[in-house]
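# Structural overview
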Amino acid sequence: MKPRRVRILCAGLVLAGPSVARAFAQDAVTTSVHGAASMKDQLAALARLGLPQDGLQAPPGIDPIAWTASIVPDEEPTPARVALGRKLYFEPRLSTDGTVACATCHDVTRGFTDNRMVAEGVGGQLGRRNAPTTLNAALFTDQFWDGRARTVEHQAGMPILNSIEMGDQTEADVVGRIGALPEYQQAFQAAFGRAPSYEDLRVAIGSFERTLIFLDAPFDRWQAGDASAISEAAQRGHVLFDGKARCTNCHPLNPASPLGTDNAYHNIGVAAHDKDFEGLARQALAALEKDASEKALDELALGTDLSELGRFMITRNRADIGAFKTEQLRNLGITAPYMHDGSLQTLWDVIDHYNKGGEDNAFLDGGIEALALTDAEVDDLVAFLFTLTDVRFADANQRAFDAQKAQAAKSRPFKDDALSQRRVLGFERRVLGE
Amino acid sequence: MTIRSVETKYLERREEILRALVNLDRRAFLRVSGAAAAIAATRGIGHAHSFQPVRVDAPGAVEPFRFAYISDSHLYERKLNDRFIRSLLRAVDDVNALDPQPDFVLYGGDLAQLGQPAELDLGAQILKELKAPVKMMVGEHDWYLDLGEKWRSLFGKDVYSFDHKGIHFVVLNSVVEDDFWTVRGLTPMERMKTVAGLDNRSQSNFQVGPPQREWLTKDLEPVSDDTPVIVFSHSPLYHLYQGWNFWTIDAPEVQRILARFRHVTVIHGHTHQLLTNRIKNIHFHGMLSTAWPWPYAPQGLPELTVQMNRPNPFNSQDGCGDGQVLVNAEGLVDKVYNLWNRNVVTVAHEYLESNGVQKRPAAANVATY
């Protein structure tokens, strides 16, 4: 496909809706296949971010001892490995039809995600889950929405072999194709001192992701003593975040927990009303009885209705039905839409969702309940959340705020005052059918 | 209350056939075993071995089965507290999802918080949603407003026994207290609130009491020493911690009545936590609450108990849950704690039989705390 020169908002955002698209409208970039910015434009944007050459040194805001301890021996993110990983991250030839790179769904110009509801892979296939940002992903305890991989190195190898994402059949196919290219033979040799292999490919991409740490936000500057770094509304929002709105329970956000996640799994009732969890769980147990391999889990998570079971697919613990990983709060201004299925378009929608106590279901997390936030308090919380985007994305963050605000002024589909003010309880509606 | 689901009726029909089987001689057994095996096969997994001819040679043996439990829901009226209602509904959903269904569901007491008729009515209404039959037990929170009048009108007797698949079950009212209220002229609500205070020492002690112990002795008279006995009591039938009424004062006397049996299991509520104990022939298991977890008592904790760590105070369901009791062919039980926010924990009978040497259960800890 020949790249077209268009403004980003026109392309690839069918599912996300125009408002989210507009949020990221910026200087004209070349839109390429699957709606992603062209790799050339992405590389130019990447160069402007000023990334470190390797992932060996702890980035600012991260404890150096913890950082070093998190690096797996023999998988050190050296400069040569990071360079190779960067090359592979933007390499569409990793996919079976040469159209999908990591950067297709984790686009540098779109907050390292795709700003779509769910990701699009080879042949225009849509998966079931929202592509999370690769920014700071290396700092998670587990990868993916259901935690089916532990490290970014391990994670990186899985979408390549998923039939919906990059579509390759076997590791050997990938290594054969990439390894036949002299540029990669040299790069693997420089990085690992040996011929290309799938394991080294994983480590290289993971090494690159370890340089994508973006934790310098206005909030951090405010916490460090710059009283004017965030607005008064955002400061009020921070008080709510730690108190009435109960956010901090699952999103602890402090120097010891910089991402704002508890690295745990919760059913917060996202779009649960139309899911037959009991039926799905029975189907899942039957399917996993036959094959519970990593490959099978990966295909079931992206390609079937069982995707909505979330963490249950990994643990088979009934308590994990419909539970997904607590996403980080960093850079969330520029990573819309939200939640594991991308079903919430704005942060106003997100707070509206929590304010009404989620979508009630039998497996709803015990910490989720109606919050009785006023409209002004919702606005303050959103203002606070927009202070968590790294200053290097300040312009995109401001555009996203304006666009989301305009969208929220038009439509608040998840706002439900009867539920949020506890005039009706979620379970009453469910049990009594009211 | 007896609500028999389709599954239960089916199970009863199957039991009838099994009972007929154990009375047959071997040749007659072979004639009918085909029909019985076919029924077993349609029911699904796990029980086919019950149809081995050995049953003919060992009449009275236990057929393995399971029952579920829900306990300590402490319901208030909706306008005062809706979390606990939601939690009980969750437990009912859990139990109704079991496939195959449990033979019955034990409700472990403290359905209400302050014995209010509206609280008990609400609880009865929710428990009616259970597909399997329910065996009710009373707790002190159900009892001390009207001394059980409302509870009995809804659920019947508070003390009873029954036989099921070779096990003799006894349901006790272990929260009987000596009259501390008359002399002080307390109103029913003052009496209720005094008992509801966990560490309110102005009340008496929980006890089974002499009349009930006498009833128990008589009830057990025809039961052979080899018959496994499972006792349900709301408070633990041993001395754990008097300061919080984790205690039944005449527990040693009750244990003596139970001493002659080869296998005795006591399943109790009240303590709202994972709790495992063994005293001689008696295995003790606590039940989880659906409402809140108690911390562990500062002293008296049985050595066999594998504690769970501090529950998350922001998650009203952490440390709570429901569970199952799996009864094996010897009449020993594996106790399943189905924790809603943690891993499921099974305390196997081997763990208690070996005094903690074998099959130590995994701790139900939340890593981030």
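Residues numbered from 1 in each chain as written. Chains lettered and ligands numbered in written order. Predicted model: local features only at pLDDT ≥ 70, side-chain atom pairs only at ≥ 80, totals over all residues.

### Thoughts on the overall build of chain A
What chain A contains, in helices and strands, is 19 helices and 4 strands. For 434 residues, the compact-globule estimate of 2.2 N^0.38 gives 22 Å, and chain A sits close to it at 21 Å. Projected onto the principal axes, the alpha-carbon positions of chain A cover approximately 65 × 55 × 45 Å. The 434 residues of chain A split such that 55% are buried. At a minimum sequence separation of 6, the contacts of chain A that also span at least 24 residues come to 71%. (Helix = DSSP H or I, 4+ residues; strand = E, 2+ residues; numbered from the N terminus. Rg over C-alpha atoms; globule rule 2.2 N^0.38 Å. Buried ≥ 20, exposed ≤ 12 C-beta atoms within 10 Å, placed from the backbone. Contact = placed C-beta atoms within 7 Å.)

### Observations concerning the overall build of chain B
Along the backbone of chain B there are 11 helices and 14 strands. Within the span of chain B, comprising 369 residues, buried residues form 44% of the whole. Of all intrachain contacts in chain B linking residues separated by at least 6 positions in sequence, the fraction that spans at least 24 positions is 70%.

### A closer look at the nonpolar core
Judged by nonpolar contacts, the single largest core of 85 residues is most densely connected at Tyr69(B), Val95(B), Val105(B), Leu106(B), Tyr107(B), Val231(B) and Ile267(B). The leading source of residues in this core is helix H4 (residues 83-96) of chain B, at 7 residues. Dropping the residues within four chain positions of it, Val105(B) is found in contact with Phe67(B), Ala68(B), Tyr69(B), Ile70(B), Val95(B), Leu130(B), Ala132(B) and Val134(B). Among the nonpolar cores identified, the runner-up in size contains 84 residues, and Tyr89(A), Phe192(A), Ile205(A) and Leu344(A) belong to it. (Core = buried A, V, L, I, M, F, W, Y, C linked by C-beta atoms within 7 Å.)

### Looking at the interface of chain B and chain A
Each partner contributes residues to the interface: chain B has 18 residues there, and chain A has 15 residues. Ranked by the residues each element gives to the side of chain B that touches chain A, the list is headed by H4(B), at 5 residues. Among the residues forming the side of chain B that touches chain A, the class breakdown is 6 nonpolar, 6 polar and 6 charged. (Nonpolar A, V, L, I, M, F, W, Y, C, P; charged D, E, K, R; others polar.)

### Here we look at the sheet that holds strand S10 (residues 276-279) of chain B
Residues and elements named next belong to chain B. Read from one edge of the open sheet, 6 strands run S4-S5-S6-S9-S11-S10, paired in mixed fashion. Edge positions in the open sheet fall to strand S4 (160-164) and S10, since each of these has one partner strand only. Between one strand axis and the next, the sheet turns through 20° on average, direction left out of account. Relative to strand S5 (residues 167-171), S4 runs antiparallel, the two being bridged by 5 bridges. By the bridge assignment, Ser161 is partnered in S5 with Val170. (Pairing = 2+ DSSP bridges. Axes fitted to C-alpha atoms, helices over the stretch in contact; angles between N-to-C directions.)

### What to know about the environment of Gly115(B)
All names here are of chain B. Following the sequence through the fold, Gly115 ends up in the loop between strand S2 (105-107) and helix H5 (117-127). In the structure, Gly115 is positioned 229 residues away from Val344 in sequence and 31 Å away in space, judged by C-alpha atoms. Apart from the residues lying within four places of it in its own chain, the contact partners of Gly115 are His141, Asp142, Trp143, Tyr144, Leu145, Asp146 and Met192.

### Here's the deal with the confidence of the model for chain A
Summary statistics for chain A give a mean pLDDT of 91 and a share of 92% for residues scoring 70 or more. Scored below 50 in pLDDT, residues 1-25 of chain A shows 66 contacts in the model against residues more than four places distant or in partner chains. (pLDDT = per-residue confidence, 0-100.)

### Considering the environment of Glu120(A)
Residues and elements named next belong to chain A. Position of Glu120 among the secondary structure elements: in the loop between helix H5 (102-105) and helix H6 (152-156). Here Glu120 falls in the buried class, since 26 other C-beta atoms lie within 10 Å of it. Put simply, Glu120 and Val100 are 20 residues apart on the chain and 8.8 Å apart in space, counted from C-alpha to C-alpha. When sequence neighbours within four positions are dropped, the list of residues in contact with Glu120 reads His34, Gly35, Gln125 and Leu126.

### Examining the domain arrangement of chain A
Here chain A is described as being made up of domain 1 (4-209), domain 2 (218-270 + 325-432) and domain 3 (276-321). Each of domain 2 of chain A and domain 3 of chain A has a C-alpha centre, and the two are 28 Å apart. (Domains from an automatic or database assignment.)

### A word on the sheet that holds strand S3 (residues 134-136) of chain B
Residue and element names in this part refer to chain B. One open sheet holds the 6 strands; their spatial order is S3-S2-S1-S12-S13-S14, and the pairing between them is mixed. Strand pairing shows two members of the sheet lacking a second neighbour, S3 and strand S14 (345-347), which therefore form its edges. With strand direction ignored, the average angle separating the axes of adjacent strands in the sheet is 25°. As paired elements, strand S13 (residues 333-339) and S14 share 3 bridges and run antiparallel to each other. Bridging across to S14, Val336 finds its partner in Thr346.

### Here's the deal with the packing of helix H11 (residues 232-242) of chain A against helix H16 (residues 375-385) of chain A
Residues and elements named next belong to chain A. Relative to each other, H11 and H16 sit at 100°, their axes nearing to 7 Å. As judged from the angle between their axes, H11 and H16 are roughly perpendicular. Taken together, the residues of H16 that come into contact with H11 (itself represented by Ala233, Ala234, Arg236, Gly237, His238, Leu240 and Phe241) are Glu377, Asp379, Asp380, Leu381, Ala383 and Phe384. Among the residues forming the contact of H11 with H16, the class breakdown is 7 nonpolar, 2 polar and 4 charged. (Parallel < 35°, antiparallel > 145°, perpendicular 65-115°, else oblique.)

### Side note on the pairing of S5(B)
Residue and element names in this part refer to chain B. Burial analysis of S5 places 5 of its 5 residues in the buried class, which makes it a mostly covered element. Side-chain alternation along S5 places Ile167, Phe169 and Val171 on one buried face and His168 and Val170 on a second face that is also buried. Joining the antiparallel neighbours S4 and S5 is a turn of 2 residues, in which Lys165 adopts a positive phi near 50°. Summarising the sheet, S5 and strand S6 (residues 229-233) pair through 4 bridges and their orientation is parallel. In the strand pairing of S6, Val171 is matched with Phe232.

### Observations regarding unusual backbone geometry
The residue after Ala336(A), namely Pro337(A), is reached through a cis peptide bond having omega -5°. Mapping Pro337(A) onto the fold places it in the loop between strand S4 (324-325) and helix H15 (347-355). Cis rather than trans, the peptide bond between Asp99(B) and Pro100(B) has omega equal to 0°. The residue Pro100(B) is located in the loop between H4 and S2 in this model. Of note in the backbone geometry, Asp74(A) takes a positive phi value of approximately 75° without being a glycine. Note that Asp74(A) resides in the loop between helix H3 (64-70) and helix H4 (79-89). Judged by local crowding, Asp74(A) falls into the exposed class, with 8 C-beta atoms found within 10 Å. Non-glycine residue Leu147(B) carries a positive phi angle of around 50°. Structurally, Leu147(B) is set in the loop between helix H6 (140-143) and helix H7 (149-155). With 15 C-beta atoms packed within 10 Å, Leu147(B) lands in the partly exposed category.

### Examining helix H2 (residues 39-49) of chain A
All names here are of chain A. Turning to H2, its buried residues number three or more, namely Met39, Asp41 and Gln42. Taken end-on, H2 shows its buried residues confined to a sector of 160°, consistent with a single buried face. Of the exposed residues in H2, those oriented more than 90 degrees away from the buried face are Ala47 and Arg48. Of the surrounding elements, those touching the buried residues of H2 are strand S2 (29-31) and H5. (Arc of directions from axis to C-beta.)

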